[in-house]
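# An overview of the molecular structure
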Amino acid sequence: MTAHRRPTSMTLDAALLDEAKSHGINLSRAAEAGIFAELKQARAEAWKRENAEAIQRYNAFVEAEGLPLEAYRVF
């Protein structure tokens, strides 16, 4: 995660907030970790969409021709 931090305002469920505070959870770090996880998933999905055509072409090639260097596999 980045070292540069910026203050922000969020609206959270009151019960969730109270319970998190009662367990000593650092809300900023928890929110940052959650946002990071969502971004990781969004980036992966975007990559799949952007590369869908190439993935489809590669899969078609493997289906038609087999795996490259398959003759050298030892398993």
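Notes on the structure in this doc start here.

### Let's talk about unusual backbone geometry
One non-glycine residue, Leu-69, adopts positive backbone phi at about 60 degrees. Assessed through its relative accessible area of 64%, Leu-69 is described here as exposed.

### Things to note about helix H1 (residues 14–22)
Regarding H1, its N-cap is Asp-13, as a side-chain oxygen of that residue lies 3.1 Å from the backbone nitrogen of Ala-15 further along. Within two residues after H1, Gly-24 carries a phi angle of roughly 70 degrees, on the positive side.

### Topic: the pattern of salt bridges
Under the counting rule described, the total for this entry stands at three salt bridges. Notably, a salt bridge pairs Glu-32 with Arg-5, separated by 3.0 Å at the nearest N-O pair. Taken together, the positions of Glu-32 in helix H2 (residues 27–50) and Arg-5 in the segment before H1 put the pair 27 residues apart, joining distant regions of the chain. One salt bridge in this structure joins Arg-29 and Glu-32, with 3.6 Å as the shortest N-O distance. Of this pair, Arg-29 and Glu-32 both sit in helix H2, three residues apart, which is roughly one turn of that helix. Residue Arg-29 is classed as partly exposed on the basis of its relative accessible area of 45%. Under the relative-accessibility criterion, Glu-32 is labelled partly exposed at 21%. Among the charged side chains, a network of salt bridges with common partners joins Arg-5, Arg-29 and Glu-32.

What counts and what doesn't
- Residues numbered from 1 in each chain as written.
- Predicted model: local features only at pLDDT ≥ 70, side-chain atom pairs only at ≥ 80, totals over all residues.
- Heavy atoms only, no water.
- Buried < 20%, exposed > 50% of the residue type's maximum accessible area, 1.4 Å probe, protein only.
- Polar contact = N/O pair within 3.5 Å; in protein donor to acceptor, adjacent residues only side chain to side chain.
- Helix = DSSP H or I, 4+ residues; strand = E, 2+ residues; numbered from the N terminus.
- Salt bridge = Lys/Arg side-chain N within 4 Å of Asp/Glu carboxyl O.

So yeah, pure geometry; function would need other evidence.
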